[in-house]
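Chain by chain, the residues run as shown.
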Amino acid sequence: MRKWWAVPKIVDHDDRRRHIAEAVHRIIHDRGMESVSLREVAAEAGMSMGAVQYYVATKNQMLLLALEHIGMWIGNRVAAVAARQSTPLDLLRDTVLELLPLDDERGYLNRVGLAFQASSVVDDHQAVAMRMGYSHLLSFFAEQIRAAQAAGQLAAHLDAAKEASILYAFAQGIVNATLVGHYTSNEVAALLDYHLARLREG
């Protein structure tokens, strides 16, 4: 007589972590950072408390996981831009636009990101993660500015690191005004193009 044994279910742990992180994002977006708890996230994710705690034992660990996944989202968006752009200046321009709340998905992640920016001011662990993210993004901006200078697309005398910081400040400074409807997507793109034109002229 032939016997059958149940095949153990293969658990994708990265997918589970992503699932938990996305549940945290939804709670922050809909109800605010103060509503995040292990119990609420378990309910939102459709998981047991024990299953959630297998990956994150505390609320702080859960928030860091969610913040890490925002960084991964940014990295994936930037990689997608890089795959379709051929010149450094186009890559720089489209990367900045990709990080701004110019559609529903980017608006959603920017609102969650703003909540983390506020909480990181009083949370050292989140602050460390934020600084690492800033460093990576600023380095990427500076690298593209130098490449654009070498290609004759931007003025050669510019300090790439300083211009990267200014460009990042521009992007961050326009997020909230765009989220509340002060700027349209076309106006944001026009302002960015105006800024980059000034860099071409030196």
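If you're wondering where the values come from, they're calculated on a predicted model, not measured in any experiment.

**Observations concerning the overall build of the protein**
Turning to step 1, where the next piece is worked out: The number of helices and strands found in the protein is nine helices and zero strands.
Turning to step 2, where the next piece is worked out: Listing each helix as α and each strand as β along the protein from the N terminus yields α-α-α-α-α-α-α-α-α.
Turning to step 3, where the next piece is worked out: In terms of its C-alpha atoms, the protein occupies a principal-axis envelope of roughly 80 × 45 × 30 Å.
Turning to step 4, where the next piece is worked out: Within the protein, contacts between residues at least 6 apart in sequence are counted, and of these 63% link residues at least 24 apart.
Turning to step 5, where the next piece is worked out: Carbon and sulfur atoms provide 55% of the accessible area of the protein, an area that totals close to 11600 Å².
Turning to step 6, where the next piece is worked out: Taking the average location of the 20 positive side-chain charges in the protein and that of its 23 negative ones, the two points are 7 Å from each other.

**Brief notes about the nonpolar core**
Soluble globular proteins tend to pack their nonpolar side chains together in the buried interior.
Turning to step 1, where the next piece is worked out: If you look at the biggest cluster of nonpolar residues, it comprises 32 residues, and the most contacted ones within it are Leu92, Val96, Leu97, Leu100, Phe141 and Leu192.
Turning to step 2, where the next piece is worked out: A per-element tally of this core places helix H8 (residues 160-179) first, with eight residues.
Turning to step 3, where the next piece is worked out: The contacts of Phe141, once residues within four sequence positions are left out, are Leu92, Thr95, Val96, Leu99, Ala164, Leu167 and Tyr168.
Turning to step 4, where the next piece is worked out: Membership of the second largest hydrophobic core comes to 27 residues, among which are Ile27, Met62, Leu63 and Leu65.

**Section: the packing of helix H4 (residues 59-84) against helix H6 (residues 104-120)**
Helix-helix packing is characterised by the crossing angle of the two axes and by the distance between the axes.
Turning to step 1, where the next piece is worked out: H6 packs onto H4 with a crossing angle of 140 degrees between their chain directions and a minimal axis gap of 11 Å. By the criterion of interaxial angle, the relationship of H4 to H6 is oblique. Crossing of H4 against H6: the hand is left-handed. Along its contact with H4, which presents Leu63, Ala66, Leu67, Ile70, Trp73 and Arg77, the element H6 presents Glu105, Arg106, Leu109, Val112, Gly113 and Phe116.
Turning to step 2, where the next piece is worked out: When the residues that make up the contact of H4 with H6 are grouped by side-chain class, the tally is eight nonpolar, one polar and three charged.

**Describing the packing of aromatic side chains**
Turning to step 1, where the next piece is worked out: If you walk through the whole model with that rule in mind, you get two aromatic pairs.
Turning to step 2, where the next piece is worked out: With a centroid separation of 4.9 Å and 80 degrees between ring planes, the pair formed by Tyr54 and Tyr55 is classed as edge-to-face.

**Examining the environment of Gln53**
Turning to step 1, where the next piece is worked out: For Gln53, the location among the structural elements is in helix H3 (residues 49-55).
Turning to step 2, where the next piece is worked out: For Gln53, a relative accessible area of 37% gives the class partly exposed.
Turning to step 3, where the next piece is worked out: When the C-alpha atoms of Gln53 and Ala42 are compared, they prove to be 9.1 Å apart, with 11 residues separating the residues in sequence.

**Side note on the layout of surface pockets**
Turning to step 1, where the next piece is worked out: Roughly 860 Å³ of volume is contained in the largest pocket.
Turning to step 2, where the next piece is worked out: Lining the largest pocket are 32 residues, with Ile70, Gly71, Ile74, Gly133 and Tyr134 sitting closest to its centre.
Turning to step 3, where the next piece is worked out: Where the lining of the largest pocket is concerned, the elements lending two or more residues are H4, H6, helix H7 (124-150) and H8.
Turning to step 4, where the next piece is worked out: With 11 residues, H4 is the single largest residue contributor to the lining of the largest pocket.

**Details of the pattern of salt bridges**
Turning to step 1, where the next piece is worked out: Under the defined criterion, the tally for this structure stands at 12 salt bridges.
Turning to step 2, where the next piece is worked out: For Arg18, the salt bridge goes to Asp15, with nearest N and O atoms at 2.2 Å. Of this pair, Arg18 and Asp15 both sit in helix H1 (residues 13-31), three residues apart, which is roughly one turn of the helix.
Turning to step 3, where the next piece is worked out: Three or more residues joined by partner-sharing salt bridges are found here, namely Arg26, Arg31, Glu40 and Glu44.

**Some thoughts on H8**
Every α-helix winds through 3.6 residues per turn, so residues three or four apart in the chain are directed the same way.
Turning to step 1, where the next piece is worked out: Its 20 residues give H8 an end-to-end C-alpha distance of 29 Å, which sits within 8% of 28 Å, the value for a rise of 1.5 Å per residue.
Turning to step 2, where the next piece is worked out: Within H8, burial applies to Ala160, Glu163, Ala164, Leu167, Tyr168, Phe170, Ala171, Ile174, Val175, Ala177 and Thr178.
Turning to step 3, where the next piece is worked out: In the core, the buried residues of H8 are packed alongside helix H5 (88-98), H6, H7 and helix H9 (185-201).
Turning to step 4, where the next piece is worked out: Capping of H8 at its N-terminal end is provided by Asp159; its side-chain oxygen lies 3.1 Å from the backbone amide nitrogen of Ala161.
Turning to step 5, where the next piece is worked out: Two residues or fewer past H8, Gly181 is found with a positive phi of approximately 90 degrees.

How each quantity is defined
Residues numbered from 1 in each chain as written. Predicted model: local features only at pLDDT ≥ 70, side-chain atom pairs only at ≥ 80, totals over all residues. Heavy atoms only, no water. Helix = DSSP H or I, 4+ residues; strand = E, 2+ residues; numbered from the N terminus. Contact = heavy atoms within 4.5 Å. Areas by Shrake-Rupley, 256 points an atom, 1.4 Å probe, with all protein chains shown as cover. Lys, Arg positive; Asp, Glu negative; His and termini not counted. Charge placed at Lys NZ, Arg CZ, Asp CG, Glu CD. Core = buried A, V, L, I, M, F, W, Y, C linked by side-chain atoms within 4.5 Å. Buried < 20%, exposed > 50% of the residue type's maximum accessible area, 1.4 Å probe, protein only. Axes fitted to C-alpha atoms, helices over the stretch in contact; angles between N-to-C directions. Parallel < 35°, antiparallel > 145°, perpendicular 65-115°, else oblique. Left-handed = near helix turned anticlockwise from the far one by under 90°. Nonpolar A, V, L, I, M, F, W, Y, C, P; charged D, E, K, R; others polar. Phe/Tyr/Trp six-rings, centres within 6.5 Å; stacked < 30°, edge-to-face > 60°. 1 Å grid on protein atoms, 1.4 Å probe; cavity = no way out; pocket = protein on both sides within 12 Å on 5 of 7 lines; lining within 4 Å. Points joined across faces, edges and corners; volume = space filled by probe spheres on them. Salt bridge = Lys/Arg side-chain N within 4 Å of Asp/Glu carboxyl O. Expected span 1.5 Å × (residues − 1). Polar contact = N/O pair within 3.5 Å; in protein donor to acceptor, adjacent residues only side chain to side chain.

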